[in-house]
Amino acid sequence: MSAADDARTEPHVRNELLQRLPGLRDEELPFHDHEPIKEYLMREVARSNRAAAPRRSRRPLLFSMGVVAAACAVAVTFTLNGADGGEPAKAARPDPAAVQLLDRVALAAASLPKPSVRSGQFMYTKTVGHSTTLSEIPGGGGRMEAFPSDQSAERWLSVDGSAGVTTRTATGSETRPPDVGPPTLNSPTYRFLETLPTDPDQLLKVIYEDTRKQHGADSGSTTGPDQQAFVAIGDLLRSVEAPPGLSAALYRAAARIPGVVLIPESKDAAGRTGVAVARVHNTERTEWIFDKQSLRLLGSREVALEDSDWGKAGTVLTSVAVVGRGVTDRPEQLPTP
């Protein structure tokens, strides 16, 4: 039995570990239902005890009072990690508070029952939201104007890829035939997702390699591998329901990406308020929003941090909320409630 397992099952070990976290009390934790955070901290303390001396000397993994306070003082953490619109340092480690939240989200995702799906069925996702489009003002001397574009849609993705994907928007329905090549992270099927590794480190390596191929030297992209990986994970989680084990691994993989921070409060395109993790790149902040109670993913959005043609600082440039998911037998059929 591992030390982490001992911490969960032996009361005297639990008490000893908690005593080593000075100042940490239930009422000080920033969210409700604090047990997963305690478990996370105890696992990390136990892991640091088992680590080799050279590793501890390079980066000691000790949740001292200062570190725990930094993780719990959400507003302070947020201010120090890009609330002013600055690009996080390239070597910046993930925010401890964001790591804790993503660990809790992963635990919640892993506890969900695995969908019962058959080849030939469809994964259904319904989203509402908008994105911002720039258009040149006629006779405006090259000046640009930003206006919202509706991104609300219903999507039926073939479980095994044999029937492609059907998308229904306000303008009608369109069916894209099956891809000629094998599925990818950018164009997945549920069966493909079932084959991905659920070890967070291995999965993150796969994601970095995949985004590197998509954003090669000839693509002209200046986003950078960390932001590309963060966006790829967010798109995948939002666009299709993944197996619970993989969803948990995706959240834990995201917790390893430099520059990931916690946002204490954010609102999705459906008007629902939640807590978010985010990453700042250039003058925009990409957020994933979660329900504060269930920790279910509500949606994502991109926020402008400086005035530009796209809008004033604070303008929500893109916002998409997930409002429905399920399994159907055919395209354009709604899942059973």
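Residues numbered from 1 in each chain as written. Predicted model: local features only at pLDDT ≥ 70, side-chain atom pairs only at ≥ 80, totals over all residues. Heavy atoms only, no water.

Trainee: What should I look at first to understand the overall build of the chain in this one?
Mentor: In terms of helices and strands, the chain carries eleven helices and ten strands. The buried share among the 337 residues of the chain stands at 43%. A separation threshold of at least 6 residues defines the contact pool for the chain, and within that pool the share at least 24 residues apart is 59%. Accessible area of the chain: about 17,200 Å², with a carbon and sulfur share of 52%. (Helix = DSSP H or I, 4+ residues; strand = E, 2+ residues; numbered from the N terminus. Buried < 20%, exposed > 50% of the residue type's maximum accessible area, 1.4 Å probe, protein only. Contact = heavy atoms within 4.5 Å. Areas by Shrake-Rupley, 256 points an atom, 1.4 Å probe, with all protein chains shown as cover.)

Trainee: When you look at the pattern of salt bridges in this model, what are you seeing that I'm missing?
Mentor: When charged atoms on two side chains of opposite charge get close, those side chains can pair. If you walk through the whole model with that rule in mind, you get 14 salt bridges. Several salt bridges share partner residues, and in doing so they unite K114, R191 and E194 into one network. (Salt bridge = Lys/Arg side-chain N within 4 Å of Asp/Glu carboxyl O.)

Trainee: What's the story with the layout of surface pockets in this structure? I'm lost.
Mentor: In this structure, the second largest pocket encloses a volume near 720 Å³. Around the second largest pocket, the lining is made up of 30 residues, and of these T127, Q151, R238, S239 and V320 lie nearest the centre. At the level of secondary structure, the elements contributing two or more residues to the lining of the second largest pocket comprise β1 (122–136), β3 (153–158), β4 (165–169), β5 (172–176), α10 (225–239), β8 (284–290), β9 (297–304) and β10 (316–328). Among the elements that take part in the lining of the second largest pocket, α10 stands out by supplying six residues, more than any other. A breakdown of the residues in the lining of the second largest pocket according to their chemical character gives seven nonpolar, 14 polar and nine charged. (1 Å grid on protein atoms, 1.4 Å probe; cavity = no way out; pocket = protein on both sides within 12 Å on 5 of 7 lines; lining within 4 Å. Points joined across faces, edges and corners; volume = space filled by probe spheres on them. Nonpolar A, V, L, I, M, F, W, Y, C, P; charged D, E, K, R; others polar.)

Trainee: Please explain the environment of L236 as it appears in this structure.
Mentor: Within the secondary structure layout, L236 lies in helix α10. Along the primary structure L236 and L193 are separated by 43 residues, whereas in three dimensions their C-alpha atoms are 9.9 Å apart. Excluding residues within four positions of it along the chain, L236 makes contact with L185, P188, L193 and L250.

Trainee: How should the nonpolar core be read in this particular structure?
Mentor: A general feature of soluble globular proteins is that nonpolar side chains tend to end up buried together. Ranked by size, the top nonpolar core spans 46 residues in total, and within it I233, Y251, W288 and F290 carry the most contacts. Of all the secondary structure elements, the ones that give two or more residues to this core are α7 (96–110), α8 (190–193), α9 (200–214), α10, α11 (244–254), β6 (260–267), β7 (273–281) and β8. Among the elements that make up this core, the one with the highest residue count is α7 (eight residues). Excluding anything up to four places from it in sequence, W288 contacts F230, I233, G234, L237, Y251, A254, V275, A276, V277, L297, G299 and S300. In terms of nonpolar packing, the next biggest core, distinct from the first, is built from six residues, V261, I263, A276 and L298 among them. (Core = buried A, V, L, I, M, F, W, Y, C linked by side-chain atoms within 4.5 Å.)

Trainee: Even after reading the chapter, I still don't get α7, so can you show me in this structure?
Mentor: Three- or four-residue spacings in an α-helix give side chains the same orientation, since the helix completes a turn every 3.6 residues. In this model, α7 (15 residues) spans 21 Å end to end at C-alpha, consistent with the 21 Å of a helix rising 1.5 Å per residue. By the N-cap criterion, in which a side-chain oxygen at the helix start approaches the backbone nitrogen of a residue two or three places on, α7 is capped by D95, the distance to A97 being 3.0 Å. (Expected span 1.5 Å × (residues − 1). Polar contact = N/O pair within 3.5 Å; in protein donor to acceptor, adjacent residues only side chain to side chain.)

Trainee: Just checking my understanding: could you explain the pairing of β9 for this structure?
Mentor: Two faces, one strand: in a regular strand the side chains alternate between the faces of the sheet. Buried residues dominate β9, accounting for seven of its eight residues. Pairing geometry for β8 and β9, over seven bridges, is antiparallel. Each residue of the ladder has a partner; that of I289, found in β9, is G299. Hairpin connection, β8 to β9: the antiparallel pair is bridged by six residues, and L295 has positive phi, about 65°. (Pairing = 2+ DSSP bridges.)

Trainee: How should I be thinking about the side chain of T328 in this particular structure?
Mentor: With respect to the helices, strands and loops of the structure, T328 is situated in strand β10. Here the side chain of T328 touches R330 through a polar contact of 3.1 Å, landing on its backbone oxygen. When neighbours within four sequence positions are excluded, T328 is seen to be in contact with Q121, F122, Y124, W156, Q333, L334 and P335.

Trainee: Got a minute to help me understand the packing of aromatic side chains in this structure?
Mentor: For any two aromatic rings, the description comes down to two numbers: the centre-to-centre distance and the angle of the planes. Scanning the entire structure with this criterion turns up three aromatic pairs. With a centroid separation of 5.2 Å and 50° between ring planes, the pair formed by Y124 and W156 is classed as tilted. Separated by 32 residues along the polypeptide, Y124 in strand β1 and W156 in strand β3 bring together distant segments of the chain. By relative accessible area, Y124 is classed as buried at 5%. Relative to F290, the ring of Y251 has its centre 5.6 Å away and its plane inclined at 70°; by these criteria the two rings are edge-to-face. One end of the pair, Y251, is in helix α11; the other, F290, is in strand β8, and 39 residues separate them in sequence. Across the pair, exposure class does not vary: Y251 and F290 are buried alike. (Phe/Tyr/Trp six-rings, centres within 6.5 Å; stacked < 30°, edge-to-face > 60°.)

Trainee: Is there a simple way to think about the packing of α7 against α11 in this case?
Mentor: Working note: a packed helix pair is described by the angle between its axes plus the distance between those axes. Remark: α7 packs on α11, axes separated minimally by 8 Å, with the N-to-C direction vectors making an angle of 175°. Here α11 runs roughly antiparallel to α7, going by the angle between their axes. Packed against α7, whose contacting residues are L102, D103, V105, A106, L107, A109 and A110, the element α11 presents P244, S247, A248, Y251, R252 and A254 at the interface. For the contact of α7 with α11, the residue count by class is ten nonpolar, one polar and two charged. (Axes fitted to C-alpha atoms, helices over the stretch in contact; angles between N-to-C directions. Parallel < 35°, antiparallel > 145°, perpendicular 65-115°, else oblique.)

Trainee: I tried to follow α10 on my own but got confused; where do I start?
Mentor: Helix length check: α10 (15 residues) gives 21 Å between terminal C-alpha atoms against 21 Å at 1.5 Å per residue, within 8%. Among the residues of α10, those classed as buried are D226, Q227, Q228, A229, F230, I233, G234, L236, L237 and R238.

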